[in-house]
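Architecture and fold: a report
If you want the building blocks of each chain, they are given just below.
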Amino acid sequence: MNKTILVTGSSGFIGSNLVKRLLSSETGLDIIGLDNMNDYYDVSLKEYRTAEIEKFASESGCKWTNIVGDLADRDTVNRIFTEHKPDIVINLAAQAGVRYSITNPDAYLNSNIIGFYNILEACRNNPVEHLVYASSSSVYGGNKKVPFSTEDMVDNPVSLYAATKKSNELFAHAYSKLYNIPSTGLRFFTVYGPAGRPDMAYFGFTNKLINNETIKIFNYGNCKRDFTYVDDIVEGIYRVMKKAPEKKTGEDGLPIPPYAVYNIGGGRPENLLDFVSILQEELVRAGVLPSDYDFEAHKELVPMQAGDVPVTYADTTALERDFGYRPKIDLRTGLRKFAEWYKEFYKV
């Protein structure tokens with residue numbers, strides 16, 4: 001596959017894993033990474049991921065270019081498109097996190113709205129074969145019907161973060177229709193794994209337990225999350241990016257928007273308390289915590305938080321139908337890999 005691929009958010013959790021996957025399984029690719037390396041969480045993690053990419057790149061038959069810059073800066077985005085002319089764009093850069101969106105709304109409008117608009121404009125002015133972008137399971141809001149299907153209405157976001165992701169889908173649809181840009185949105189469900197984001201529950205819980213602090217379990221533990229291991233997410237992106245929605249003309253002679261949306265989730269919602277139990281067992285097994293650690297003394301059951309939803313649950317039939325793929329890594333396997341990575345990275 002001799003193509004130029006732009007990955008935004010390339011030093012992020014999903015982005016870095018995707019770049020490593022591309023470097024290890026393809027030859028002849030020209031991969032450009034863009035990341036603003038912001039300090040929303042520990043920058044040393046982003047630096048670690050970038051260094052990991054460099055290692056893969058040195059042994060790869062692909063070209064790797066790392067650019068530090070901001071998606072919200074239109075000149076930077078335009079320069080990348082005119083200089084590198086990407087064939088495929090994978091937009092994973094975003095301001096993540098539901099709770100942070102309540103206290104820092106500006107960050108979300110910059111990254112998730114203006115940044116995405118800049119990408120769409122660049123794709124319009126420098127035609128691409130396929131734009132793949134990260135949406136989120138949060139677009140389903142407080143949907144009562146489970147599992148969540150891409151056919152469901154998603155008009156009731158319960159956080160600003162969710163609203164920005166829904167607007168990305170609407171923007172992409174409009175640009176697909178107006179300019180015949182093939183685009184695919186991917187609704188990711190609770191992604192976890194080694195070198196993840198410290199603001200995610202499993203990572204935050206681990207940090208707190210190590211420091212002898214109490215972990216808060218929301219909705220008194222009656223939360224279910226469709227946890228998806230990062231490699232499963234990456235496999236989904238990898239397959240989707242190679243198969244853009246087809247360009248077709250409607251009866252009116254105008255393009256039918258080459259636009260698609262898929263869920264990528266485990267399809268197996270796990271109760272938060274069960275999840276915490278498995279995490280505890282794996283942290284002890286990896287030697288991150290002592291075997292006699294008193295977990296009960298460090299757990300506090302608390303009410304639901306603003307912006308949170310009780311259940312996430314992916315219906316992945318469309319992904320299976322069109323790409324022959326569904327996530328397969330179970331929670332214990334995934335948390336084991338995280339615990340082993342944590343021990344090594346933080347030298348516990």
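Here we summarise the structure given alongside this text. (Residues numbered from 1 in each chain as written. Predicted model: local features only at pLDDT ≥ 70, side-chain atom pairs only at ≥ 80, totals over all residues. Heavy atoms only, no water.)

Turning to the packing of helix α5 (residues 105-125) against helix α6 (residues 160-179), a few remarks are in order. Helix packing geometry: the angle between the two helix axes and the distance between the axes. Where α5 meets α6, the axes come as close as 10 Å, and the angle between the chain directions of the two elements is 15°. Between α5 and α6, the angle is such that the two are roughly parallel. The way α5 lies across α6 gives a crossing that is right-handed. Contacts between α5 and α6 pair Pro105, Tyr108, Asn112, Ile113, Phe116, Tyr117, Leu120, Glu121 and Arg124 from the former with Leu160, Tyr161, Thr164, Ser167, Asn168, Phe171, Ala172, Tyr175 and Tyr179 from the latter. Considered class by class, the residues forming the contact of α5 with α6 number 12 nonpolar, 4 polar and 2 charged. (Axes fitted to C-alpha atoms, helices over the stretch in contact; angles between N-to-C directions. Helix = DSSP H or I, 4+ residues; strand = E, 2+ residues; numbered from the N terminus. Parallel < 35°, antiparallel > 145°, perpendicular 65-115°, else oblique. Left-handed = near helix turned anticlockwise from the far one by under 90°. Contact = heavy atoms within 4.5 Å. Nonpolar A, V, L, I, M, F, W, Y, C, P; charged D, E, K, R; others polar.)

So, about the sheet that holds strand β5 (residues 130-136). On the basis of which strands lie adjacent, the open sheet formed by 7 strands has the order β3-β2-β1-β4-β5-β6-β13 and parallel pairing. Where the open sheet ends on each side, the last strands, each with one partner, are β3 (61-68) and β13 (259-264). Adjacent strand axes in the sheet meet at a mean angle of 15° when their direction is disregarded. As defined by bridge partners, strand β1 (residues 4-8) adjoins strand β2 (residues 27-35) across 5 bridges and the pair is classed as parallel. By the bridge assignment, Thr8 is partnered in β2 with Leu34. The strands that helix α8 (residues 230-241) touches are β1, β4 (88-91), β5, β6 (183-188) and β13; relative to β6, the one it contacts most, it runs at about 170°. (Pairing = 2+ DSSP bridges.)

Let us now look at the packing of aromatic side chains. All told, the structure shown has 30 aromatic pairs when counted by the stated rule. Their ring planes at 70° and their centres at 5.8 Å tell us that Phe203 and Trp341 sit as a pair that is edge-to-face. Taken together, the residues Phe203 in helix α7 (residues 201-210) and Trp341 in helix α11 (residues 331-345) connect sequence positions 138 residues apart. Each member of the pair, Phe203 as well as Trp341, is classed as buried. Joined through ring pairs, the aromatic side chains of Tyr48, Tyr192, Tyr202, Phe203, Phe227, Tyr229, Phe275, Phe338, Trp341, Tyr342, Phe345 and Tyr346 make up one cluster. The side chain of Lys46 reaches across the aromatic face of Tyr41, ending 4.6 Å from its centre. (Phe/Tyr/Trp six-rings, centres within 6.5 Å; stacked < 30°, edge-to-face > 60°. Buried < 20%, exposed > 50% of the residue type's maximum accessible area, 1.4 Å probe, protein only. Lys NZ or Arg CZ within 6 Å of the ring centre and 35° of its normal.)

So, on to the pattern of salt bridges. Counted by the stated rule, this structure contains 17 salt bridges. We note a salt bridge from Arg332 to Glu282, for which the minimum N-O separation is 2.8 Å. Here the residue Arg332 occupies a position in helix α11, and Glu282 occupies one in helix α9 (residues 272-285), the gap between them amounting to 50 residues. In this structure Glu282 comes out as buried when scored by relative accessible area, which is 2%. Where salt bridges share partners, they join Glu281, Glu282, Arg332 and Arg336 into one cluster. (Salt bridge = Lys/Arg side-chain N within 4 Å of Asp/Glu carboxyl O.)

A word on the environment of His84. With respect to the helices and strands, the residue His84 is situated in helix α3 (residues 74-84). For His84, the contacting residues outside a window of four places in its chain are Thr4, Ile32, Thr65 and Ile67.

On to the pairing of β5, then. A large share of β5 lies buried, amounting to 7 of its 7 residues. Burial along β5 is two-sided: His130, Val132, Ala134 and Ser136 and Leu131, Tyr133 and Ser135, pointing in opposite directions, are all buried. Two elements, β4 and β5, share 4 bridges in a ladder whose sense is parallel. Residue pairing in the sheet places Ile88 in a bridge with His130 of β5. Where β5 and β6 come together, 6 bridges link them in parallel fashion. Bridge assignment links Ser135 to a residue of β6, and that residue is Arg187. This β-α-β element, β5 to α6 to β6, shows right-handed connectivity. (Right-handed = clockwise from strand over helix to strand, strands pointing away.)

Geometry only, nothing functional implied.
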